[in-house]
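# Survey of secondary and tertiary structure
These are the residues of each chain, in order.
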Amino acid sequence: MSIDQQISEYYDKLLKRNAGEPEFHQALFEVLDSLKIVLNKDPHYADYGLVERLCEPERQLIFRVPWTDDQGNIHVNRGFRVQFNSALGPYKGGLRFHPSVNLGIIKFLGFEQIFKNSLTGLPIGGGKGGSDFDPKGKSDAEVMRFCQSFMTELHRHIGEYRDVPAGDIGVGGREIGYLFGQFRRLENKHESGVLTGKGLTWGGSLVRTEATGYGLVYLTSEMMKTHGESFEGAKVIVSGSGNVAIYAAEKVQQLGGTVVAMSDSAGYVTTPNGVDIELIKDIKEVRRERISAYAAEAGEGVEYHAGGNIWEVAADVALPCATQNELDVDSAKVLAANGVRYVAEGANMPCTADAVHYFLGSDVNFAPGKAANAGGVATSALEMQQNASRDSWSFDYTDQRLHEIMSNIFKNIDKTAKEYDMAGDYVAGANIAGFKKVADAMLAQGVI
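The residue numbering used here restarts from 1 in each chain and proceeds along that chain's sequence as written. The predicted nature of this model means local features are confined to residues of pLDDT at least 70 and side-chain atom pairs, given and counted, to a pLDDT of 80 or more, with totals for whole chains, interfaces and linings taken over all residues. Excluding hydrogens and water, the side-chain figures rest on all heavy atoms present in the structure.

Going by the annotation in an unreviewed UniProt entry, the name recorded for the protein chain is Glutamate dehydrogenase, with Corynebacterium striatum given as the source organism. UniProt positions are given in the numbering used here, feature names are shortened, and annotations may be inferred rather than shown by experiment. Heading Subunit (unreviewed entry) of the UniProt record for the protein chain holds this comment: "Homohexamer." You can read under Sequence similarities (unreviewed entry) in the UniProt record for the protein chain the words "Belongs to the Glu/Leu/Phe/Val dehydrogenases family."

### Observations concerning the side chain of D163
The residue D163 is located in strand β5 (residues 163–166) in this model. For D163, a relative accessible area of 0% corresponds to the buried category. A polar contact is formed between the side chain of D163 and the side chain of R81, at a distance of 2.7 Å. Of the polar contacts made by the side chain of D163, one reaches the side chain of Q83; its length is 2.9 Å. Those residues in contact with D163 that lie beyond four places of it in its chain are R81, Q83, P90, Y91, K92, H157, I158 and V194. Numbered from the N terminus, helices here are DSSP runs of H or I no shorter than four residues, and strands are runs of E no shorter than two. A 1.4 Å probe rolled over the protein chains alone gives each residue an accessible area, and that area as a share of the maximum for its type sets the label: buried under 20%, exposed over 50%, partly exposed in between. A 3.5 Å cut-off defines polar contacts: any pair of N or O atoms within that distance qualifies, except that in protein one atom must be a possible hydrogen donor and the other a possible acceptor, and neighbouring residues in sequence count only when both atoms are side-chain atoms. Should any heavy atoms of two residues lie within 4.5 Å, those residues are considered in contact.

### Topic: the packing of aromatic side chains
Geometry of aromatic contacts follows a simple scheme: Phe, Tyr and Trp rings, the Trp one being its six-membered ring, pair when their centres are within 6.5 Å, and the pair is stacked under 30 degrees between planes, edge-to-face over 60, tilted otherwise. Applying the stated criterion across every chain yields a total of 21 aromatic pairs. Relative to F435, the ring of Y45 lies with its centre 5.4 Å away and its plane at 70°, an arrangement referred to as edge-to-face. Of this pair, Y45 sits in the loop between α2 (22–41) and α3 (50–54) while F435 sits in helix α16 (residues 426–444), and the two are 390 residues apart along the sequence. For the pair Y45 and F435, a shared accessibility class is recorded, and that class is buried. Plain terms: the ring middles of F133 and F146 are 3.9 Å apart, the flat faces sit at 5° to each other, and that makes the pair stacked. Taken together, the positions of F133 in the loop between β4 (125–131) and α5 (140–154) and F146 in helix α5 put the pair 13 residues apart, joining distant regions of the chain. For the pair formed by F133 and F146, the shared burial category is buried. By way of ring pairs, the aromatic residues F63, W67, F97, F133, F146 and F150 are connected into one cluster. Two conditions define a charge located above a ring, namely a distance within 6 Å from the ring centre to NZ of Lys or CZ of Arg, and an angle within 35 degrees of the ring normal. In this structure, K251 packs its charged tip against the face of Y214, placed 4.3 Å from the ring centre.

### A word on α2
Taking 1.5 Å as the rise per residue, α2 with 20 residues should run 28 Å; its terminal C-alpha atoms sit 30 Å apart, in good agreement. Along α2, the largest kink reaches about 30° and is centred on L35. A helix is expected to span 1.5 Å multiplied by its residue count minus one. Throughout, the bend at a residue refers to the angle made by two axes, fitted to the seven residues ending there and to the seven starting there.

### Brief notes about the environment of V143
Tracing the chain through its elements places V143 in helix α5. C-alpha of V143 to C-alpha of A234: the two residues are 91 residues apart in sequence and 40 Å apart in space. Contact partners of V143, with chain neighbours within four places excluded, come to F133, P135, K138, R174, E175 and Y178.

### Section: the sheet that holds β5
Backbone-to-backbone hydrogen bonds pair the strands of a sheet. The strands run either parallel or antiparallel. By definition, two strands form a pair when at least two bridges between them are found by DSSP. Taken together, the five strands give an open sheet; going across it, the order is β1-β2-β4-β3-β5, and neighbouring strands pair in mixed fashion. Strand pairing shows two members of the sheet lacking a second neighbour, β1 (59–68) and β5, which therefore form its edges. Taking the axes of each pair of neighbouring strands and ignoring which way they run, one obtains an average angle of 20° across the sheet. Relative to β4, strand β2 (residues 74–85) runs antiparallel, the two being bridged by six bridges. Bridge assignment links N85 to a residue of β4, and that residue is G126. Angular values range over 0 to 180 degrees, each being the angle between N-to-C directions of two axes fitted as lines to C-alpha atoms, with helices fitted over their stretch in contact.

### Quick look at helix α1 (residues 3–17)
With 15 residues, α1 should reach 21 Å at 1.5 Å per residue; the first-to-last C-alpha distance of 21 Å fits that figure. Residues of α1 that are buried: I3, I7, Y10, Y11 and L14. Considered in projection along α1, the buried side chains sweep an arc of 105° and stay on one side of the axis. As used here, the arc is the angular range of directions from the helix axis to the C-beta atoms.

Here's what the structure looks like:
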């Protein structure tokens, strides 16, 4: 049986075994499709059930999270932690609090995290977690009670040498603080390396807040350099207006680009003269208001579009930073027709499979999330290093380390794509480079 047939049969088996998990299926298909060329060239990677083991989490945790609201009513949410692969180091990956969270989404995110963490070159494995709890509209006291209940179960499964969660959608500094406080209370020790994204006065790292957005722009800049271009004078669409989007926009404008549109779940704003970064931070991070408030306060030239499609805005670069599958194939075609030459994923899998396929067959240069948005987890690992050595690094030094890591990630995926006669296919380059490092470690460590 050929490698292509083996992969196809195994993928069909995975679909049946993981029924009702479309996001996980999408992530599996992308990676397995890239691995066909690896297994044909290096067939030893098919030995010892390696691919089967790689696609099966080492551990999946599902637990009840009861909590009390401010009126004394009892609510019950579901908590998850998928510890996917620890061949390279302790499990590392964020916690997501959002109503859409289910086991399939956590498995998709954890699977992607394996390869993303591998690409950083740092000793961290892949995992992910979260809950279907929605922090929006909740008081600080309600969020605190939920986080304390969540950590009451999670604490027994994590540790700086076992599993190190961080933040993700719905989990920012406030939530990390409550989670860490409960961990200390239950464990009776200040194990600062157990969570990343902490406050600067109690074990956090400078640049961690900015890291995913900055890292996205650093990698995109490296991709642009291969064509003799840069962000100087470029028009850039940044979807979303959360942490990743805001700091991507900030770094784009620091490098001479102009952010011409940003969005949230209700609509988008067009900003032909660029984004007022301090105002967008105030509206989204401090006041927690809709992006429509930005249009009302930003002044002349800024327009708010309720609903609509941000990808219809003309630009040179598109950075999808909102959520999974936000950019479909029709939008991909619109972007290309409007002159976009570079697309890099700031969110996890924001482009549908059809959109990615279209980009790869067009003149658009495309960088997948597992490479492009690795800056967050890379800086989380740098935070772990600082915690382990009881040290604290300067902003400039940490930012320099981040820049070096993202530059090396691009060079690695570019080189790998060329080695497998797929020059310019950074999806294949990222999947293959990430896979080979994990696979080599798994083969060395035996069948476990």
